[in-house]
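# A structural walkthrough
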Amino acid sequence: MGRRDHQQSNSSSNLAGLSGSGSASATHHTAIANNDEALRRMSKLVNSLLARNDCIPFREPVDWRGLELWDYPKIIKKMMDLGTVKRKLERGQYATAAECADDIRLIWKNCMTYNADGSDFFLLAENFSRRFEDRYKKIRAEFDTGDDCPGANASGSGGGSGSGSG
C-alpha cells in the first residue's frame, strides 16, 4: 500500500511507455484493479465473519498461555486468527486474495487439528470453513484471485467433511 506500490506502478508505466505497446499496460492495470477489488471483497468477507456472535474463538490469537494449553504451540506451528487477517488486509500485506484465503483456511484447519473431532470448537470451525468456502467461491468466479487452478486448495481444506458428518 505504501511507497513500494507507488514505485512499482510508476516503473510499470515507464516500461510500458518504452515498449510502445499500450495494450500490455492496459492489461496490467486491469489485473491490478481486479486484484484490488478481489482483496476488497475478501475484507468484506472477513468483516462479515468477525461480526458474527459465534466468531469469538476466531477473532484473536489463541491465548494458549492464559488457557494453559501448553501443547498448543507444539501442535499448531503457524497460528492465525481473523483479527490478524483483517490487519494484514488493511496493511496491504496480501499480494492476492488466494494468499488471504490460505490464511483464513489455516484458522479453521488449526482449530480442527487441535480440537477433537465432533467437539463444539471442531464443529464451529467446520461450519465457518463451509460458509467461507461458499462465499470465496463467488469471489473466485468473479475475479482472478491468484489461485493457480480452480480446485487447487480443495484437498487441503477438509475435503472429506461432506459425506461423513450427519
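Look up: the structure comes first, before these words.
Residues numbered from 1 in each chain as written. Predicted model: local features only at pLDDT ≥ 70, side-chain atom pairs only at ≥ 80, totals over all residues. Heavy atoms only, no water.

## Digging into the packing of aromatic side chains
Aromatic rings in a pair are described by how distant their centres are and how their planes are angled relative to each other. Scanning all chains against the criterion turns up 6 aromatic pairs. Ring geometry for Phe58 against Phe128: centres 5.3 Å apart, planes inclined by 65°, an arrangement best described as edge-to-face. Here Phe128 lies in helix H7 (residues 120–142) and Phe58 lies in helix H3 (residues 56–59), a separation of 70 residues in the sequence. Overall, Phe128 belongs to the buried group, its relative accessible area being 0%. For the ring pair Trp64 and Trp70, a centre distance of 6.2 Å and an interplane angle of 85° mean the geometry is edge-to-face. An aromatic cluster of three or more residues is present, and its members are Phe58, Trp108 and Phe128. The ring centre of Phe128 lies 5.1 Å from the NZ or CZ of Arg131, which sits over that ring. (Phe/Tyr/Trp six-rings, centres within 6.5 Å; stacked < 30°, edge-to-face > 60°. Helix = DSSP H or I, 4+ residues; strand = E, 2+ residues; numbered from the N terminus. Buried < 20%, exposed > 50% of the residue type's maximum accessible area, 1.4 Å probe, protein only. Lys NZ or Arg CZ within 6 Å of the ring centre and 35° of its normal.)

## Examining the nonpolar core
Among soluble globular proteins, nonpolar side chains are generally buried collectively. Ranked by size, the top nonpolar core spans 32 residues in total, and within it Met42, Phe58, Leu82, Val85 and Trp108 carry the most contacts. Among the elements of the structure, helix H2 (22–50), helix H5 (82–90), helix H6 (97–114) and H7 are those that each provide at least two residues to this core. Excluding residues within four positions of it along the chain, Val85 makes contact with Val46, Met80, Tyr94, Cys100, Asp103, Ile104 and Ile107. (Core = buried A, V, L, I, M, F, W, Y, C linked by side-chain atoms within 4.5 Å. Contact = heavy atoms within 4.5 Å.)

## Details of the packing of H6 against H7
Two elements in contact, H6 and H7, have axes separated by 8 Å at closest approach and are oriented at 165°. On the basis of their axis angle, the class for H6 and H7 is roughly antiparallel. The element H6 and its partner H7 pack so that their crossing is left-handed. For the pair H6 and H7, contact is made by Ala97, Ala98, Ala101, Ile104, Arg105, Trp108, Cys111 and Met112 and by Phe121, Phe122, Ala125, Glu126, Phe128, Ser129, Phe132, Glu133, Tyr136 and Arg140, respectively. Its residues assigned to classes, the contact of H6 with H7 comprises 13 nonpolar, 1 polar and 4 charged. (Axes fitted to C-alpha atoms, helices over the stretch in contact; angles between N-to-C directions. Parallel < 35°, antiparallel > 145°, perpendicular 65-115°, else oblique. Left-handed = near helix turned anticlockwise from the far one by under 90°. Nonpolar A, V, L, I, M, F, W, Y, C, P; charged D, E, K, R; others polar.)

None of this, on its own, says anything about what the molecule does.
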